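What follows is each chain in one-letter form.
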Amino acid sequence: MNVLILLSVFAACLVIGVPIAIALGLSSLAYLFAVGIPFVVMPQKMYAGMDVFVLLSIPGFILAGNLMNGGGITERIIRFANSMVGWIRGGLGLTNVAASMLFGGITGTAVADAASIGSVMIPGMKKAGYPADFSAAITAASSTVGPIIPPSVPMIIVGALSGISVGKMFLAGAIPGILMGLAMMLTAYVIAVRRKFPRQEWLGFKELGRSFVSAFWAISMTGLIIYGLLSGFATPTETAVVASVYAFAVGTFVYRELPIRAVPKILIDSAISSAAILVLVGFANVFAWILVSERIPQAIAASILSITDNRFVIILIINILLLIVGMFMETIAALIILFVPLLTLATAVGIDPIHFATLVVLNLMIGLTTPPVGVCLFICANIARLPLTPVIKAIFPFLLTNIAVLLLVSYIPALSTWLPSVLTK
Amino acid sequence: MQHINLWVTRACRWGVGIAFAVLILAVLVQVIGRTIGVSPVWSEELTRFGLLYLAAFGAGLALVSGDLVNVDVICETLPPPWPRRLRLVSALLVTGLCALLIGPAWKFTSIGVMQTSPALRLRMDFVHASVLILLGSLLIFSLLRVLGMIFNDESGLPSQPEIPS
């Protein structure tokens, strides 16, 4: 009964448009009131949720991405990606995906990727003769690789929830992220051949070299982050702050496109974005504590295990559940609420936590491009000045592609567990 | 009311900026200190406190800017004037939640009087107060939104603050 109060208040708040963090807080408060637990538990649990060492790295990674973004990396990355794959049929579509993969190694957020790459690529593709719906769809779909290729805010949250090393989580996302990118390129190519999309001339090795040199300092940030985490010299927080300093230096002194006067605004905007995540984490920690004290994870695990204990079927059930949740819920909120309950189920059937965490993040990222709540879908449709329906139709092949990669990652654990096991001891 | 809004926004932007700057400097001191072999023990603690205050001052601003995301696919597709009415209800609920939690947050803050942090020797009520400030900033900005919607015919939609820090 009390859990019913919790869940119904939460659902009602979501429907009327209350911010998700506040909906979690209101439903938790209603539960505490019904059960008769003193309200002082709420600030205590919020504090405990936010005072987690791993979360310290979130503002740093967001700042590093925003500084790079403000420092003129988008055009450089697109130029480099274009000189690599632009000569293939449907080349600008492939460029779009390649740029998202490179961009993902810098910002780690899908929304920033969709907005930055989309604002340059969508008008450019339309001008070159590509249909607007395809241009918007491929931008939205490819932006989801951002939080899978390291660095990644959702992976940091997973680290905070489960105690898994953030470095291992970042590495776990690398192969699935690259696979997703390559699979989307293949899909774009097949569509381009069938619909006779344009291609451009091979720009030559000279341009490839020049564009690489131009983008080198931006792309190097991914290397810096990976090295920082793998060397054992720096914690994720230290790596994130050093990456921010690096991004500032590159934007200001190397590319000279980041004016010093723009830095305070970028700093404050990054802090506000981070604060929003932390508020969500704080309220969600109360909600998650209630679920755990009501033994909901065990109840979910027991009820599913009573139907089947076949690992293959359980992975399928988890995937279907998360894909449905991802259609309606914001990524971080869904992660905080569902990760621990589903991890209980996953470990009960012997699924490796790193493998499980990777497929959870993959699922929720796919949710960013599915209606009715698909943030990246909205951004790209808006840039392309299209209603949602044609973009939803055009994104369908890419959704199928991403789900195919998700199934591969789901049933071949080595795709996510091999790299962390080899590179970290 | 606009004057109050401007003043609170400016104060919170300064607060969030200073908290972030403290966090960055503490981490840099940690990295440089380790490199030269004199790593201070307090830097990790200060970083954590910086993050808590970043969340505290940024919470209200995140509500205003729309960074505190909601699911608006249902409420914003209803015929007028329902979207605006629901935005008002939503703002009232935020105000109500925070008003109900201010007392418990004060109690939680007070508990910290008897504790000190291990490295900085800082009284923990100053640290616990971050939750009080977080709820306070949410309360003020949501109340301003409610008042703006009732008396100034504002839309209640998220907006980017216009003042520089």
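Structural data are supplied above this passage.
Residues numbered from 1 in each chain as written. Chains lettered and ligands numbered in written order. Predicted model: local features only at pLDDT ≥ 70, side-chain atom pairs only at ≥ 80, totals over all residues. Heavy atoms only, no water.

Trainee: Residue-level account of the overall build of chain A, with values.
Mentor: Each helix and strand counted, chain A has 20 helices and zero strands in total. In terms of overall size, chain A behaves like a compact globule, its C-alpha atoms giving a radius of gyration of 21 Å where 425 residues would be expected to give roughly 22 Å. By its C-alpha atoms, chain A is 70 × 45 × 45 Å across when sized along the principal axes. Buried residues in chain A amount to 60% of all 425 residues. Across chain A, every contact between residues at least 6 apart in sequence was considered, and the portion connecting residues at least 24 apart equals 79%. Carbon together with sulfur atoms contributes 70% to the accessible area of chain A, which is approximately 15,400 Å² in total. Counting 21 positive and 13 negative side-chain charges, chain A places the centres of these two groups 11 Å from one another. (Helix = DSSP H or I, 4+ residues; strand = E, 2+ residues; numbered from the N terminus. Rg over C-alpha atoms; globule rule 2.2 N^0.38 Å. Buried < 20%, exposed > 50% of the residue type's maximum accessible area, 1.4 Å probe, protein only. Contact = heavy atoms within 4.5 Å. Areas by Shrake-Rupley, 256 points an atom, 1.4 Å probe, with all protein chains shown as cover. Lys, Arg positive; Asp, Glu negative; His and termini not counted. Charge placed at Lys NZ, Arg CZ, Asp CG, Glu CD.)

Trainee: Pulling in residues and values, what's your account of the packing of aromatic side chains?
Mentor: Residues and elements named next belong to chain A. Counted under the stated rule, the structure contains 16 aromatic pairs over all chains. Arranged with centres 5.7 Å apart and planes meeting at 65°, the rings of Phe61 and Phe170 form a pair that is edge-to-face. Of this pair, Phe61 sits in helix α4 (residues 57-70) while Phe170 is found in helix α10 (residues 166-194), placing the two residues 109 residues apart along the sequence. In terms of burial, Phe61 and Phe170 fall into one category: buried. (Phe/Tyr/Trp six-rings, centres within 6.5 Å; stacked < 30°, edge-to-face > 60°.)

Trainee: Tell me what's going on with the interface of chain A and chain B, and back it up with residues and numbers.
Mentor: Accessible area lost during the coming together of the parts is what is often quoted as the interface size. Taken together, the 50 residues of chain A in the interface contact 55 residues of chain B. Each partner contributes to the roughly 4,700 Å² buried at the junction of chain A and chain B, and carbon and sulfur atoms together form 81% of this total. Between the two partners, chain A and chain B, sit two salt bridges. Linking B:Arg48 and A:Asp51 is a salt bridge whose minimum nitrogen-to-oxygen distance equals 2.7 Å. Sorting the residues of the side of chain A that touches chain B by element identifies α1 (2-15), α2 (20-35), α3 (41-50), α4, α12 (236-254) and α13 (263-293) of chain A as the ones contributing at least two each. Element by element, the count of residues in the side of chain A that touches chain B is highest for α13(A), at 12 residues. A breakdown of the residues in the side of chain A that touches chain B according to their chemical character gives 39 nonpolar, eight polar and three charged. (Buried area = accessible area lost by both parts, 1.4 Å probe. Salt bridge = Lys/Arg side-chain N within 4 Å of Asp/Glu carboxyl O. Nonpolar A, V, L, I, M, F, W, Y, C, P; charged D, E, K, R; others polar.)

Geometric descriptors of this kind do not, in isolation, establish any biological role.
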